Amino acid sequence: MTEQSTAGKTGRTGRRLLLRVLLSMAVGAGLVLGWTWAYEGGVLKSWLDSQSMSEFLLLVLIGLPIALVSSLVLAGPVLWVFGVRPVWPIILLGPVVLGVGLYFKVHEPLLGWFSNRHHAEALLAAVAYGLVALFTFKK
């Protein structure tokens, strides 16, 4: 193998990695902003505000998994269409890393930079999905 062909493969690998990370970041942030828009736009907010405690617990037990599955169903094909392979680690581990970050309030120091709390959460989602994409990359 020549030095030039090795450099060409390294360049292609680097571009694939960069594309994988950037697309994953965009999808993660897009999912958070989409769900936020659905809630803040009144579609979900008015419905959630009118629920009793038992209906709310039912929503958490059934609705939250449905929301997670629908996010997986949305994110997977988008990443697949843009050539990100494999997709499954990103769509399965991205929400987990995001949840851990939200639990530990990693995004709290960033709240001063944004006019809206959800924008800081979208940035955290972008970082979470991007990190998963980076660490699950295979040459």
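The preceding data block contains the structure.
Residues numbered from 1 in each chain as written. Predicted model: local features only at pLDDT ≥ 70, side-chain atom pairs only at ≥ 80, totals over all residues. Heavy atoms only, no water.

Student: Go over the overall build of the chain, please, and point to the residues and values.
Tutor: Assigned secondary structure in the chain consists of five helices and zero strands. Each helix and strand of the chain, placed in order from N terminus to C terminus, yields the pattern α-α-α-α-α. Whereas a compact globule of 139 residues would reach a radius of gyration of roughly 14 Å, the chain reaches 18 Å, over 25% beyond that. A buried classification covers 30% of the 139 residues belonging to the chain. Put simply, of all contacts in the chain between residues at least 6 apart along the chain, 67% involve residues at least 24 apart. If you sum the accessible surface of the chain, you get close to 9200 Å²; carbon and sulfur atoms cover 73% of it. Across the chain, 11 positive and 6 negative side-chain charges occur, with their mean positions spaced 20 Å apart. (Helix = DSSP H or I, 4+ residues; strand = E, 2+ residues; numbered from the N terminus. Rg over C-alpha atoms; globule rule 2.2 N^0.38 Å. Buried < 20%, exposed > 50% of the residue type's maximum accessible area, 1.4 Å probe, protein only. Contact = heavy atoms within 4.5 Å. Areas by Shrake-Rupley, 256 points an atom, 1.4 Å probe, with all protein chains shown as cover. Lys, Arg positive; Asp, Glu negative; His and termini not counted. Charge placed at Lys NZ, Arg CZ, Asp CG, Glu CD.)

Student: Account for the packing of aromatic side chains, naming residues and giving values.
Tutor: Enumeration over the complete set of coordinates arrives at one aromatic pair. Taking 5.0 Å as the distance between ring centres and 85° as the angle between the ring planes, the aromatic pair formed by Y103 and F104 counts as edge-to-face. For the residue pair Y103 and F104, the accessibility class agrees, reading exposed in each case. Against the face of W80 rests R85, its NZ or CZ located 3.5 Å from the ring centre. (Phe/Tyr/Trp six-rings, centres within 6.5 Å; stacked < 30°, edge-to-face > 60°. Lys NZ or Arg CZ within 6 Å of the ring centre and 35° of its normal.)

Student: An account of the packing of helix α4 (residues 88–103) against helix α5 (residues 117–135) is requested, with residue identities and associated values reported.
Tutor: Between α4 and α5, whose axes approach to 8 Å, the crossing angle comes to 135°. Considered as vectors, α4 and α5 are oriented oblique to each other. When you trace α4 past α5, the crossing you get is right-handed. In contact with P89, I90, L93, G94, P95, V97, L98, G101 and L102 of α4, α5 contributes E121, L124, A125, A128, Y129, V132 and A133. Each residue belonging to the contact of α4 with α5 can be placed in one class, and the counts come to 13 nonpolar, two polar and one charged. (Axes fitted to C-alpha atoms, helices over the stretch in contact; angles between N-to-C directions. Parallel < 35°, antiparallel > 145°, perpendicular 65-115°, else oblique. Left-handed = near helix turned anticlockwise from the far one by under 90°. Nonpolar A, V, L, I, M, F, W, Y, C, P; charged D, E, K, R; others polar.)

Student: How would you sum up the side chain of E121? Please name residues and give values.
Tutor: Structurally, the position occupied by E121 is in helix α5. A relative accessible area of 15% means that E121 is categorised as buried. Discounting chain neighbours no more than four positions away, the residues touching E121 are V32, L98, L102 and H107.

Student: Can you break down the nonpolar core residue by residue, with the values?
Tutor: Counting residues in each nonpolar core, the largest one holds 14 residues, and the members touching the most others are V27, L31, A75, L79, V84, I90 and I91. Of all the secondary structure elements, the ones that give two or more residues to this core are α1 (3–40), α3 (53–81), α4 and α5. Per-element tally for this core: the top contributor is α1, with four residues. Among residues more than four places away in sequence, those in contact with L79 are L23, S24, V27, V84, R85, V87, I90 and I91. Residues A29, V32, L98 and A125 belong to the second largest nonpolar core, which totals eight residues. (Core = buried A, V, L, I, M, F, W, Y, C linked by side-chain atoms within 4.5 Å.)

Student: Let's hear about the pattern of salt bridges: which residues, and what values?
Tutor: Here the structure, examined in full by the defined rule, presents two salt bridges. Here E108 ties to R117 by a salt bridge, and the two come within 3.0 Å at their closest N and O atoms. (Salt bridge = Lys/Arg side-chain N within 4 Å of Asp/Glu carboxyl O.)

Purely spatial values, then, with no claim about function.
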